[in-house]
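Remarks on the overall topology
Take a look at the letters that make up each chain.
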Amino acid sequence: MTEQTVKLEESWKAALSGEFASTYMSDLRAFLLKEKEAGKHIFPKGSEYFRALDLTPLDKVKVVILGQDPYHGAGQAHGLCFSVQPGIRIPPSLVNIYKEMQSDLGIPPAKHGFLEHWAKQGVLLLNSVLTVEEGKAAAHQGKGWERFTDAVIRAVNEDCSHVVFMLWGSYAQKKAAFVDQRRHLVLKAPHPSPLSAHNGFFGSGHFSKANAYLISNGRAPVDWQLPERPA
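Each value, and the rule that gives it
Residues numbered from 1 in each chain as written. Predicted model: local features only at pLDDT ≥ 70, side-chain atom pairs only at ≥ 80, totals over all residues. Heavy atoms only, no water. UniProt positions renumbered as here; feature names shortened; annotations may be inferred. Phe/Tyr/Trp six-rings, centres within 6.5 Å; stacked < 30°, edge-to-face > 60°. Buried < 20%, exposed > 50% of the residue type's maximum accessible area, 1.4 Å probe, protein only. Helix = DSSP H or I, 4+ residues; strand = E, 2+ residues; numbered from the N terminus. Pairing = 2+ DSSP bridges. Expected span 1.5 Å × (residues − 1). Arc of directions from axis to C-beta. Contact = heavy atoms within 4.5 Å.

Naming follows an unreviewed UniProt entry, where the chain appears as Uracil-DNA glycosylase of Rhizobium lemnae. In UniProt, the chain has this text filed under Sequence similarities (unreviewed entry): "Belongs to the uracil-DNA glycosylase (UDG) superfamily. UNG family." According to UniProt, the comment filed for the chain under the heading Catalytic activity (unreviewed entry) is "Hydrolyzes single-stranded DNA or mismatched double-stranded DNA and polynucleotides, releasing free uracil."

Below, the discussion takes up the packing of aromatic side chains. Evaluation of the coordinates by the stated rule reveals 13 aromatic pairs. Feature note: the residues Phe 82, Trp 118, Trp 168, Phe 201, Phe 202, Phe 207 and Trp 224 constitute an aromatic cluster, connected by ring pairs.

Among the five residues of strand β3 (residues 123-127), five are classified as buried, and the element is accordingly described as predominantly covered. Both faces of β3 are covered, namely the face carrying Val 123, Leu 125 and Asn 127 and the face carrying Leu 124 and Leu 126. Where strand β2 (residues 63-67) meets β3, five bridges bridge the pair, whose relative direction is parallel. Looking across to β3, one finds that Val 63 is bridged to Val 123.

In this section: helix α3 (residues 23-37). Between its first and last C-alpha atoms α3 spans 21 Å; for 15 residues at 1.5 Å apiece the expected length is 21 Å, and the two agree. Listing the buried residues of α3 in full gives Tyr 24, Met 25, Leu 28, Phe 31, Leu 32 and Glu 35. End-on, the buried residues of α3 take up no more than an arc of 115°, which puts them together on one face. Exposed side of α3, more than 90 degrees from the buried face: Thr 23, Lys 34 and Glu 37 are the residues found there. Residues of α3 that are buried make contact with α2 (17-20), β1 (42-43), β4 (132-133) and α7 (145-159). Once α3 finishes, Gly 39 follows within two positions and takes phi at roughly 85°, a positive value.

Here the focus is the pairing of β2. Regular strands place side chains that alternate from one sheet face to the opposite one. The buried count for β2 comes to five of five residues, which makes it a mostly enclosed element. Note that β2 and strand β5 (residues 164-168) share three bridges and pair parallel. Of the residues in β5, the one forming a bridge with Ile 65 is Met 166.

A separate point is helix α9 (residues 206-216). Turning to α9, its buried residues number three or more, namely His 206, Phe 207, Ala 210, Asn 211, Tyr 213 and Leu 214. For α9, the arc enclosing every buried residue in end-on projection is 160°, short of the 170-degree limit, so these residues lie on one face. Across α9 from its buried face, at more than 90 degrees, point the exposed residues Ile 215 and Ser 216. Those residues of α9 that are buried lie in contact with β2, α5 (92-105), β5 and β6 (185-189). Of the residues trailing α9, Gly 218 is marked for its positive phi of about 75°.

Right, here's the structure in full:
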């Protein structure tokens, strides 16, 4: 996975060139090739590993939402955390995200879980680990992706101003603990999973708080309402 062979949006490619030249990324590429050669199904497909970065250039980032691993069911993952491909049942955590959006902003829940509309407006929907084996949650943890996505967050922290980090759950909060709160707004809440959403995710008001912060710093707010049909 060298800088020359990776197809990636140019601003990110420039910011992350040192990562692609590193040994750990070569090792990660070798691991993924070996898994595929063994006949294992890896999600998302290769062209979508960096979909979150491709849709949200570094200089356009307004909001960062962190996830952990891609969905491991067939047809679900497409490179954006919490998002699923059109026609796929909306996962429970995203159902709860929609509920909180309705409570916070009065936006009725979408009938699909395809979040590219957010990504195209500057919402970086970043998983900590960018691949997974079918049917095996967290199968690719500890293989190098975490180091790479730490570098992504560092780039946003250092190169951007007035970004909202929406950190849901302890994992996301630990991963982005170094974010400079003098330059950015850091919002924390429990994870939207059905196991924890009632512990403070519901009622957190993150969506309205994010837009208020963006507007107060001269940035356009995010239109959180998704198109009726995935687009």
